[in-house]
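Descriptive structure summary
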Amino acid sequence: MRFTVWGARGSFPTPLTPRAIQSKIASVVQRIKPSDLVSSDARERFLGSLPPWLFGTTGGNTACVQLELDDSRQLIFDAGSGIVELGLSQLRRDPAPTEYHILFTHFHYDHIQGLPFFPHAFNPGVAVHFYSPVEGLQEILSRQMQHPWFPITMEDKMSKNLHFHRIPPEGVEIYGHRIRWRELNHPGRAFGYRIDQGERSFGYVTDVELREKDFQRTEDNAAFFENLDVMIIDSQYTLDEAIEKYNWGHSSFSLAVDFAVAWGAKRMFMFHHEPQYSDKKLQQNVQSARWYANRIGGTDLEIQLATEGVTIDV
Ligand SMILES: [Zn+2]
Ligand SMILES: [Zn+2]
């Protein structure tokens, strides 16, 4: 399996501001030495030496993660604004996929707002399957495409080849793989997903304000959270901000580290980035998260920022 992050921001899309771009360019220019410009190799070396927060961005699109199974079939988690770019990228594939499976954690705007612009939902030759453990999925999704909030409706303009599935308690099988879910502590409910394929396992655990209950070693918790090769986890806030925003439904990155260490995750991807945090601030957070993991004995845990456009093998 491998996954690609198409959107990792929480709450609302956050394109880079003109000021942020100017500041990145100014910082790069200040770092250049004459020897960095002597040849194309030197220039490449210089660009390669820049920190990722400077020569790039974590990205501003809201939640969307694509999981490619080993047999080149794929699942999509959430349809935040990142799904638009994902949809466009699939138009360039040859042969183009003829079906999509999209699983929703919940229906806050940052997890559905890209759906009205997902091109494949308009193509009758492509089957699009939607999944959620909640009842009334079709109505919930079509409600965001209504006048006066949107010019066209799902019923009139999207294809008739859309399929809505309520996931039963035991999970759902897609392409022969069982996908399990678990309710998370979030205002109005959200659901995490886990998929195991052979020896490998992948967990998409957002949006969640982690509680003591999530750390308890119950059979249910262990079956869902334990020993994930990849845990994508809500790490929206610093600890200070999480205390200030108690009950907002998101976790501090340090609590996310505690959680990943407690459940023996191998790799943790900080996700649902706070829209107010710059690329530099997010980079500082991931460094602090690594320092904290070491301090609490989680030396085997690898921690990364979920970054738009990056594909990772599970
Ligand atoms: Zn969210
Ligand atoms: Zn939410």
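See the structure shown above.
Residues numbered from 1 in each chain as written. Chains lettered and ligands numbered in written order. Predicted model: local features only at pLDDT ≥ 70, side-chain atom pairs only at ≥ 80, totals over all residues.

1. Structural notes on the overall build of the protein chain
The condition that has to hold: Comment: elements are numbered from the N terminus, with helices defined as DSSP H or I runs of at least four residues and strands as E runs of at least two. In this description the radius of gyration comes from C-alpha coordinates, and the expected globular size is given by 2.2 Å times residues to the power 0.38. Whether a residue is buried, exposed or partly exposed is read from the other C-beta atoms within 10 Å of its own C-beta, which are placed from the backbone; 20 or more gives buried, 12 or fewer gives exposed, and intermediate counts give partly exposed. Whether two residues are in contact depends on their C-beta atoms, placed from the backbone: they are in contact if these lie within 7 Å.
Helix and strand counts for the protein chain come out as ten helices and 14 strands. For 314 residues, the compact-globule estimate of 2.2 N^0.38 gives 20 Å, and the C-alpha radius of gyration of the protein chain, at 20 Å, lies within 12% of that figure. Judged by the C-alpha coordinates and their principal axes, the protein chain covers about 60 × 45 × 40 Å. For the protein chain, buried positions account for 41% of its 314 residues. Across the protein chain, contacts joining residues at least 24 apart in sequence account for 72% of those joining residues at least 6 apart.

2. Overview of the pairing of strand β4 (residues 99–103)
Spelled out, the test is: Two strands are said to pair when DSSP picks up at least two bridges between them.
Counting buried positions along β4 gives four out of five residues, so the element sits mostly inside the fold. Note that β4 and strand β5 (residues 127–132) share five bridges and pair parallel. Along β5, the bridge assignment pairs Ile-102 with Phe-130.

3. Focus on the nonpolar core
Selection rule: Here, a nonpolar core means buried Ala, Val, Leu, Ile, Met, Phe, Trp, Tyr and Cys residues linked by C-beta atoms lying within 7 Å of one another.
Of all hydrophobic cores here, the largest spans 74 residues; its most connected members are Ile-232, Ile-233, Ala-260, Met-268 and Met-270. Top contributing element to this core by residue count: helix α9 (residues 253–262), with six residues. If we skip the residues at most four places from it in the chain, Ile-232 touches Val-65, Gly-203, Tyr-204, Val-205, Thr-206, Phe-269, Phe-271 and Ala-306.

4. Digging into unusual backbone geometry
Residue Asp-94 is joined to Pro-95 through a cis peptide bond whose omega torsion reads 0°. Residue position: Pro-95 is located in the loop between α3 (82–91) and β4. Following His-147, the chain continues to Pro-148 via a peptide bond in cis, the omega torsion being 5°. Among the secondary structure elements, Pro-148 is positioned in the loop between α4 (137–143) and α5 (154–157). With phi around 55°, Tyr-175 is a residue other than glycine that occupies positive phi space. Here Tyr-175 shows up in the loop between β7 (172–174) and β8 (177–184). For Asn-227, which is not glycine, the phi torsion reads 55° and is therefore positive. Residue position: Asn-227 is located in the loop between α7 (219–225) and β11 (230–234). Classification of Asn-227 as partly exposed rests on a count of 13 C-beta atoms within 10 Å.

None of this, on its own, says anything about what the molecule does.
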